[in-house]
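Here is how the chains run, residue by residue.
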Amino acid sequence: MAKTENIQYSGAYASMGVDNSLRLDQFRSNFKVEVMRLNEDDMEFDMIGIDPSIANAFRRILIAELPTMAIEKVLIANNTSVIQDEVLAHRLGLIPIKVDPRLFDYMSENDVPNEKNTIVFKLHVRCERGDARLTEKRRLTGMTIFTEVVVLIFNWLVTEWYFKMAMACYAVTSDELKWLPNGSEFLLATENSASNSTSRPKTYTSFSCSQDSLPQFSKNPITLKHPDIIIAKLGLGQEIELEAHAVKGMGKTHAKWSPVATAWYRMLPEAVLLQEIQDEKATELVQKCPTKVFDIEDVGKGKKRATVGRPRDCTLCRECIRGEGWENYVALRRVKDHLI
C-alpha cells in the first residue's frame, strides 16, 4: 500500500488555523478495535482511528515478534531415505505445534534443555512389506506403448514380486511424531558413562519431571496442529529414526517461528452514491458490481432505488463507474483511519 504516511508535524497547517499535533488522550478516546471474525485458523479485526503506519507496525509485530514453539534441533540416529538429513530437519522445523508458548521459557546457548524450555518428539518409522500405509504404483503416468511392453517383459523376467518391491513406498506423515513427555531417550555419549553404571544414564535433555504430570499438560497434551503433513516417503527397507527438540522463538529469528502464514491490512472501502439512482438505473448498478455491494430498496408505489448494502465487500474494481456518466452517480473512496 503506497502513500500511507501522514504529516504529524503540529505546525504543518498552522496558517490555516488547524492543529495537526498527535495527542495521547485523543488517540485513546478515538482508537477502537472490533473483532469481525475469529476461528481456530483465521482472525479478522478492524482498527478504527489509527494511522496506517501504526497499523503496519502491528502487522510486522504479528509476523516477527510473537513467540511460538518450533523444532530447532534434530538428532538423527538413522536415515536411509532419499531425503538428506538437513532437508529433513528443515521440513520438521516447519511443522506447526499446537501448544501455548507462554507456558515455556526462552532457551539461551548456556541453558540446559529441561521440561520448561524444550519439547521432545520422536520419529521412528521403517517401510516393511504388508504395512497399512504401503502403496503400490502399478503403472507410471504417461507411459507409451513401447514403455508398457518393456515393463511387461521386465515383470516376466524379474517376477511380479520383485516389481512390487521396487515400486512400493511408505508415506511418513506428521502424526508419526510422538511426544516424549519425559524428555530425550537418546543416550549422551560421555567418557565416564561406562565407569559409573549405577547412575542414571545421561540424555540430551535434563527433565526433572515428566511434562504430562504438569497441570497445564495433564488435560491438554502437546500435539501437532496438522496430523497429515507428509514428511518423507520411504521405499522398502528404508528407515528414519530421530528426535526433534522444539524450543521457543520468534519469527524475526527464523520464519518457522512466525505464528501467521500472512498478515495484511487495507483501508475500509467506501462507496458513495452522489445522487439518487432509481428504477432501471438501480437494477443496472446492482448487476454491474461483481461483489454485490449494492442493494435495491423498495420505496413504494412501484419505485425502487439503489443503496450501499455491503461497502466492506468492495474491492475498488471500478466496474460500477465504468461506462458513460456513471462517475456522476457513484464515488469510490477509502476511509484512511479505518483499517481492516
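Rules used throughout
- Residues numbered from 1 in each chain as written.
- Predicted model: local features only at pLDDT ≥ 70, side-chain atom pairs only at ≥ 80, totals over all residues.
- Heavy atoms only, no water.
- UniProt positions renumbered as here; feature names shortened; annotations may be inferred.
- Salt bridge = Lys/Arg side-chain N within 4 Å of Asp/Glu carboxyl O.
- Helix = DSSP H or I, 4+ residues; strand = E, 2+ residues; numbered from the N terminus.
- Buried < 20%, exposed > 50% of the residue type's maximum accessible area, 1.4 Å probe, protein only.
- Phe/Tyr/Trp six-rings, centres within 6.5 Å; stacked < 30°, edge-to-face > 60°.
- Lys NZ or Arg CZ within 6 Å of the ring centre and 35° of its normal.
- Core = buried A, V, L, I, M, F, W, Y, C linked by side-chain atoms within 4.5 Å.
- Contact = heavy atoms within 4.5 Å.
- Arc of directions from axis to C-beta.

As recorded in an unreviewed UniProt entry, the chain goes by the name DNA-directed RNA polymerases I and III subunit RPAC1, listed as coming from Escallonia herrerae. Taken verbatim from the UniProt record of the chain, the Subcellular location (unreviewed entry) comment is "Nucleus".

S.K.: Account for the pattern of salt bridges, naming residues and giving values.
M.R.: Inspection of every chain in the model, using the stated rule, returns 15 salt bridges. The shortest N-O distance in the salt bridge between Lys225 and Asp41 comes to 3.4 Å. You can see Lys225 sitting in the loop between strand S9 (223-224) and strand S10 (230-235) and its partner Asp41 sitting in the loop between strand S1 (32-38) and strand S2 (43-48), a full 184 residues away along the chain. Judged by its relative accessible area of 22%, Lys225 is partly exposed. One salt-bridge network, in which partners are shared between bridges, spans Arg37, Glu44, Asp46 and Arg312.

S.K.: Tell me what's going on with the packing of aromatic side chains, and back it up with residues and numbers.
M.R.: Applying the stated criterion across every chain, the model contains three aromatic pairs. Ring pairing ties together the aromatic residues Phe104, Trp179 and Phe217, which thus form one cluster. The ring of Trp257 has Lys256 lying over it, and the distance from NZ or CZ to the ring centre is 4.9 Å. The ring of Trp326 has Lys281 lying over it, and the distance from NZ or CZ to the ring centre is 4.4 Å.

S.K.: How would you sum up the nonpolar core? Please name residues and give values.
M.R.: Ile119, Phe121 and Ile222 are the most contacted members of the largest nonpolar core, which has 29 residues in total. Secondary-structure elements contributing two or more residues to this core are strand S3 (68-79), helix H3 (85-93), strand S5 (119-126), strand S7 (168-173), S10 and strand S11 (239-249). Residues in contact with Ile222, not counting those within four places in the same chain, are Ile97, Lys98, Val99, Phe104, Ile119, Phe121, Trp179, Gln211 and Phe217. In terms of nonpolar packing, the next biggest core, distinct from the first, is built from 14 residues, Ala271, Val286, Ile321 and Val330 among them.

S.K.: Tell me about H3, and please be specific about residues and values.
M.R.: Those residues of H3 lying buried are Leu88, Leu92 and Gly93. The arc that holds the buried residues of H3, viewed along the axis, is 140°, so those residues lie on one side. Residues of H3 that are buried in the fold lie against S3, S10 and S11.

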